[in-house]
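Working through the structure, step by step
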Amino acid sequence: MNRLASSMTLRFTPCLLLWGLLTSSPCTCLGLVQTEWQRHLLHQVNRTAHSMSEQFRPQLLDRLDRGDVRALLAKCCPQVAQLPTQALAAELRKALLAAEVVSGFSTEVNRSFFSFSLSEAEKVDHFENLWEVWVRNDAELSNYTHGMDWVETSFFGFKPFKEHAHPRSMEEARERSVYFLTNSLRSDAGSPLYGDVSVVLKPSFAQATAIISPLDSGSWAGFCNRSFVPPKPSYAHNCTAFQGHQGLGTFQALDHLFEVNEAYWASPEAFLRPLERLLASDDATTMKGEDFVRYFEILPAAQVTFPDVKFVIADFPSLFGTSRGVRVRRWCQRYGWLLLWSLGLNVGFSTNHGMPHFWDAFNQPGPFRGRSRLIDPEFLLGPWGVNVSSSDLDAFNASWRLLQTKRSAPLPLRPADFHFEWTALEAKLSPDLQIAPVRPTCHDLDLCIGVTRKGCLCKEGTQVGTPSESMVII
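Residues numbered from 1 in each chain as written. Predicted model: local features only at pLDDT ≥ 70, side-chain atom pairs only at ≥ 80, totals over all residues. Heavy atoms only, no water.

This brings us to the pairing of strand β6 (residues 197–201). Burial runs high along β6: 5 of the 5 residues are buried. Burial of β6 is two-sided: the residues Val 197, Val 199 and Leu 201 facing one way and the residues Ser 198 and Val 200 facing the other way are all buried. Of the strand pairs in this sheet, strand β3 (residues 101–105) and β6 are connected by 4 bridges, and their pairing is antiparallel. Across the sheet, the residue bridging to Phe 105 is Val 197, located in β6. (Buried < 20%, exposed > 50% of the residue type's maximum accessible area, 1.4 Å probe, protein only. Helix = DSSP H or I, 4+ residues; strand = E, 2+ residues; numbered from the N terminus. Pairing = 2+ DSSP bridges.)

Here is the structure:
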């Protein structure tokens, strides 16, 4: 990578990175807001990732042919259980490419952990990274930021600040990235450990810009780099499994990520659970808390503008029937995003301080089952082109008012109360408003939001986010 690259922010219009060299599919072109450093970094990581992916491909094929994998597939996924390993690997890659790339944030935060929030989102035109938020709000930086800065420069390769962990301008801060993850578990919440709103990227943008870590870099910084002391007891791990910057991947070269992820978390479940969730024809299988921390982490090497967002997921227990929920709905309406509601983990995690719950998941045995999301019926009116019955709108609004009233009672609502209200709303609304995460069989992953009982629910028309779109079931 060119360490002397300029920090000037430019808008490039590349095809998906090296796509023409890797597939016979046509190149999808899009505008990217990218610095020269980010552009060079992405090319360098992609070259290294291709070498690593080729090197680890035999291990991936061997893993897919082992007895525990074949036994699992026979039980959960009979449609692929008998496939030869090469074909099975192709199905796995295809499913991962279709998996949502998501980032969660809390609608409310305080200055003890100042991060992107709803108030920030309402004021800016892109999804700000943490450094941008801190610089713009003149926030007091903690010791944690030193480890984070080291991870982003030495681990990922982003441009160093002139002063370690202290960017002095928005120009410096914009060289960094927002943290995303692959929703390989097809979680209805999207990103359940990082707030009450999840933003889902358009796959074309994610696949063109993603630098992928096979593990959560924050956990590696604590466990392996001693940047902080993780809580105990905590997750099993193996620090020798990951080769640092050389072990990163992209969506065009990722075969090595599976092996490294499983070895790092020192558990076959790290491979088997997402394999099951990605390839099963339904979402009936259950999960436990530890499953939610074993994701692939993604840092886009570009600014995440709001037109790069496909849709938004809101947390029902935290936001439904609240003033913050009203603001989330208005924010989504402003940018033309479909809003989906999710019951999520529903274990009573606090969401009003911006603190992540990565370490809290260790104490959540579950089981957590796969659930459908609910489409906010207000967002299917007008240009969406789907007939929403007045009974659906009435039921949704009545449930909103009811939960609003219950929240004002002296005693706080418990997870069981939210589960009851969610189930009641689900029963009142048309089944057509229940939607699961998208599948690779949907015809256009940028335009398709998910799968209902009638098939893939997809936008048809012009660019996503413009008034001339319509929504159709195909």
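This brings us to the packing of aromatic side chains. Enumeration according to the criterion identifies 38 aromatic pairs in this entry. Ring geometry for Tyr 235 against Phe 358: centres 5.6 Å apart, planes inclined by 75 degrees, an arrangement best described as edge-to-face. Here Phe 358 lies in the loop between β12 (338–342) and β13 (368–369) and Tyr 235 lies in the loop between α10 (217–223) and α11 (255–265), a separation of 123 residues in the sequence. No difference in accessibility class separates Tyr 235 from Phe 358, as the two residues are buried. Clustering of aromatic rings is evident, with ring pairs tying together Tyr 194, Phe 223, Phe 228, Tyr 235, Tyr 264, Trp 265, Tyr 295, Phe 358, Trp 359 and Phe 362. Over the face of the ring belonging to Trp 400 we find Arg 329, whose NZ or CZ atom lies 5.0 Å from the ring centre. (Phe/Tyr/Trp six-rings, centres within 6.5 Å; stacked < 30°, edge-to-face > 60°. Lys NZ or Arg CZ within 6 Å of the ring centre and 35° of its normal.)

Another point: the state of the cysteines. Using the criterion set out here, one finds 4 disulfides in the structure. The disulfide that involves Cys 76 links it to Cys 77, with 2.2 Å between the sulfurs. With the S-S dihedral at roughly -80 degrees, the linkage between Cys 76 and Cys 77 falls on the left-handed side. Residue classification places Cys 76 among the buried positions, given a relative accessible area of 12%. The buried category is assigned to Cys 77, whose relative accessible area is 0%. Cys 442 shares a disulfide with Cys 456; S-S distance 2.1 Å. The chirality of the disulfide connecting Cys 442 with Cys 456 is left-handed, given an S-S dihedral of about -85 degrees. With a gap of 14 residues between them, Cys 442 in the loop between β15 (434–435) and β16 (448–452) and Cys 456 in strand β17 (residues 455–460) connect regions that are remote in the sequence. (Disulfide = S-S within 2.5 Å.)

Within this structure, the stated rule accounts for 32 salt bridges. Measuring nitrogen to oxygen at the nearest pair gives 3.3 Å for the salt bridge that ties Asp 432 to Lys 454. Of this pair, Asp 432 sits in the loop between α16 (415–428) and β15 while Lys 454 sits in the loop between β16 and β17, and the two are 22 residues apart along the sequence. Take Asp 432: its relative accessible area is 26%, and that puts it in the partly exposed class. (Salt bridge = Lys/Arg side-chain N within 4 Å of Asp/Glu carboxyl O.)

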